[in-house]
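Fold and contact review
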Amino acid sequence: MAVSYKKLFHMLIDRDISNAQLQKMAGYSANITTRLKNNTYVSLESVEKICRVLNCKVDDIVEFLPDDDQVKK
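A brief structural summary. (Residues numbered from 1 in each chain as written. Predicted model: local features only at pLDDT ≥ 70, side-chain atom pairs only at ≥ 80, totals over all residues. Heavy atoms only, no water.)

**Description of helix H3 (residues 30-37)**
Stated formally: Type-normalised accessible area, obtained with a 1.4 Å probe on protein chains alone, sets the label of each residue: buried when under 20%, exposed when over 50%, and partly exposed for intermediate values. Numbered from the N terminus, helices here are DSSP runs of H or I no shorter than four residues, and strands are runs of E no shorter than two. Directions drawn from the helix axis to the C-beta atoms are what define this arc. Residues are treated as being in contact if the distance between any of their heavy atoms lies within 4.5 Å.
For H3, the complete set of buried residues consists of Ile 32, Thr 33 and Leu 36. In an axial view of H3, the angular spread of the buried residues amounts to 100°, which keeps them on one side of the axis. Where H3 is buried, its residues touch helix H1 (6-14), helix H2 (19-26) and helix H4 (44-54). Looking one or two residues beyond H3, the residue adopting positive phi is Asn 39, at roughly 55°.

What follows is the structure, given as structure tokens:
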């Protein structure tokens, strides 16, 4: 399964919060911001920090997508 953080970035735009502001508020490193932008693995601990700051649930910011080979089956 692939992961997408598009929902998170849409939420940030809607709330007028920059990536740098979220990073500071949630207390995670710039590396996590890069991972979010690249839709790569981010620890549940980091996702939890983001959800606490934004007062949202995991499924409000993370979407799991089937891999291409799973779609063909």
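**Brief notes about the side chain of Ser 4**
Our working definition: Throughout this description, a polar contact denotes any pair of N or O atoms lying within 3.5 Å of each other; where both atoms belong to protein, one of them has to be capable of donating a hydrogen while the other can accept it, and for residues adjacent in sequence the pair is counted only when both atoms sit in side chains.
Note on placement: Ser 4 falls in strand S1 (residues 2-4). A distance of 3.3 Å separates the side chain of Ser 4 from the backbone nitrogen of Lys 6, its partner in a polar contact. What Ser 4 contacts, discounting residues up to four positions off in sequence, is Asn 39, Ile 61, Val 62, Glu 63 and Leu 65.

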